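Chain and residue survey
One-letter residues, chain by chain:
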Amino acid sequence: MLQIKDISKQYKTGHLVQKALDHVSLNLRDNEFVAILGPSGSGKTTLLNIIGGLDRYDSGDLIINGISTKHYKDRDWDSYRNHTIGFVFQSYNLISHQTVLANVELALTISGIPRRERRKRAQEALEKVGLGDQAHKKPSQMSGGQMQRVAIARALVNDPDILLADEPTGALDSETSVQVMDLLKEVARDRLVVMVTHNPELAEQYATRIVNLKDGVIRSDSDPYEVEETEEPVHRNMGRSSMSFLTALSLSFNNLCTKLARTILVAFAGSIGIIGIALILSLSNGVNKYIKDTEEETLLGYPVQITSTSFDLTSMMTQNVEPDTRKEDEVSDDVTERAFINRMLSRTKANDLASLKTYLETESNIYDYASAVEYTYSVTPHIYRLDGNKYHQVNPDNSFAAMGFGGNSTSTMFSAAMSTDNFYALPKEEKLYVDKYDIKAGRWPENSRELVLVLYPDSSISDFLLYTLGIRDSAELDQMIKDFMNEVPVHADPSAEHYPYDRFLGISFKLVNSAKYYRYDPEFEIWVDKSDDEAYMRNLVRDGEDLTIVGVAVQKEDTDVSVLMPGIYYPYDMVAHVTEVAARSDITKEQLASSTVNVFTGRDFTNSPSLISAVCLR
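Here's a quick rundown of the structure. Since this is a predicted model, take the numbers as computed values, not measurements.

The rules we used
Residues numbered from 1 in each chain as written. Predicted model: local features only at pLDDT ≥ 70, side-chain atom pairs only at ≥ 80, totals over all residues. Heavy atoms only, no water. Helix = DSSP H or I, 4+ residues; strand = E, 2+ residues; numbered from the N terminus. Polar contact = N/O pair within 3.5 Å; in protein donor to acceptor, adjacent residues only side chain to side chain. Contact = heavy atoms within 4.5 Å. Pairing = 2+ DSSP bridges. Axes fitted to C-alpha atoms, helices over the stretch in contact; angles between N-to-C directions. Buried < 20%, exposed > 50% of the residue type's maximum accessible area, 1.4 Å probe, protein only.

**Examining the side chain of Q134**
Relative to the assigned elements, Q134 resides in the loop between α4 (115-128) and α5 (144-156). Here the side chain of Q134 touches K137 through a polar contact of 2.7 Å, side chain to side chain. The contact partners of Q134, leaving out residues within four places of it in the chain, are V100, M142 and Q146.

Next comes the structure, spelled out in structure tokens:
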């Protein structure tokens, strides 16, 4: 008796988990013909393979005549398959260069049966399936139905308790299928036959019991069998499964000698070819990989950048070193004008980035040659840090505004060089940085409300970044800047503190919608800047969106180029989020609706050029 008790089986591919069998229980009698039906993917073949010991179940138990297989090892499964199970496959699986008799003998050879005994039993098995006079033939000399009967004879030669048939008539015509099914029905009189098929008509005609599977669950059973368990199943091996060394050596020698000349030539040519190809491929792959890695790391450190305006820096750099190209008769005692500003401004060009973006995404094949194409926008998230009732703007940073530079400067190439900001956007493509950095604590951000702290390659951190994080008191920095501006000696603490990586996890900031700096004045019908109102700003910051550091990253030792400079990084999606929030604000909608009127002054733009400039700079 075969008992399938609460068996489950899953197949995992990466993060994908596919349930093949979901807590299947089934009791099968010692002699019956069971047909398992179901659509493709329902778990039929998986169940058959588990019964045959070809596949392992994840949970549950498979019990054969009171013997549990739950703790079986590979050697136990080999014995089980050799002594208890017979297999009949759709594709026959016969050895083409051996005779029919030798094919049937093979199962006995593996069991270590003496040659005379296995020859006798193989001949008897062939006679049972009506092929006693075909023993000398090769499989290629037989029809499909005959080959399937040979496969059945091979499955029965060891006198197994269970015969498993996986689509035994799938490759046969209707008439031959009937012959094979009649034979299986005859076999089922004194043993258990389990057949998987897609043909419900054959199942209805020949099987004594039909089990329907769908989505790994038994949906119906035409003749269920309930068993009263009186004894606990035991663990025991089901017999010996091995052949002698001489038998194994003889089989190997016979296979080699079947086509000796070809074996020698293939071995000789194959060895030369494999060794040569392996050497060439290893050398080629090594050089190509080195070149590719070098190119990628170099380009990651120095990417090609296209900005909205192009500027010829050489016009400034060469202005004072250009040679005098005037002819001798053109030289005079008068002062000669040099076209400095005219030349510099005339060489400034505007780039049509919208058309370029459309071209890159629709017509070009740039993605075949570039690791990634990133788009950046002049959008700066306004980020604050709350210290009790005090708030500090940390992005754009204004700590050094009194000294004439910092994050509040206009977005030009000159101000960018003087920026003191510590917040940056991560590249959109994770492959540009994830593999080049180790996460020392936490993880990478997974949404626009999470941040990651990037340290120097030696795991150090600047004191200025510590002030931004609030680990050092911002009052110290303010006092040092004040002393510097007043030409008072600045006291510097030479000691260096050490921090565990997880010290930075959980540090939080506030993201503020910059459109809320302005409140509408119904009396004058204009929008008023409230950023100087400390109480208003404190409440605005307190109500801002929470941003939290969830990871600490350090550049890997084997990475030569730094993709991310030290600082605090927010996901690329935050730029889109800030833009969307600003677009939904009332002040933006009103300005867009009245494109000719300045919402800060209520005047026409053309009549207040100075105010327009002030608004733009803000």
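**Structural notes on the pairing of strand β10 (residues 217-221)**
Note: strand β9 (residues 209-214) against β10, four bridges, orientation antiparallel. When the sheet's bridge partners are listed, V211 is paired in β10 with D221. Taken together, β9 and the strand that follows it, β10, pair antiparallel across an intervening segment of two residues, in which D215 is found at a positive phi of about 55 degrees.

**Some details on the sheet that holds strand β3 (residues 33-37)**
Taken in spatial order, the six strands make up an open sheet running β6-β7-β8-β3-β9-β10, and their pairing is mixed. In the strand order of this sheet, the two ends are held by β6 (85-89) and β10, each with one partner. Neighbour to neighbour, the strand axes of the sheet diverge by 20 degrees on average, direction disregarded. The pairing of strand β7 (residues 162-166) with strand β8 (residues 192-196) spans five bridges and is parallel. Looking across to β8, one finds that I162 is bridged to L192. Where helix α1 (residues 44-51) meets the sheet, its contacts fall on β3, β6, β7, β8 and β9, and the angle it forms with β7 comes to roughly 150 degrees. Lying on the sheet, helix α6 (residues 174-187) is in contact with β3, β7 and β8; it crosses β8 at an angle near 145 degrees.

**Quick notes on unusual backbone geometry**
Residue P396 is bonded to the preceding N395 through a cis peptide linkage, with omega at -5 degrees. Position of P396 among the secondary structure elements: in the loop between β15 (390-395) and α13 (413-417). The backbone of H23 sits at a positive phi, close to 55 degrees, despite the residue not being glycine. Structurally, H23 is set in strand β2 (residues 16-28). Here H23 falls in the partly exposed class, since its relative accessible area comes to 47%. Phi at Y92 takes a positive value of approximately 70 degrees, unusual for a residue other than glycine. Turning to its location among the elements, Y92 is positioned in the loop between β6 and α3 (100-110).

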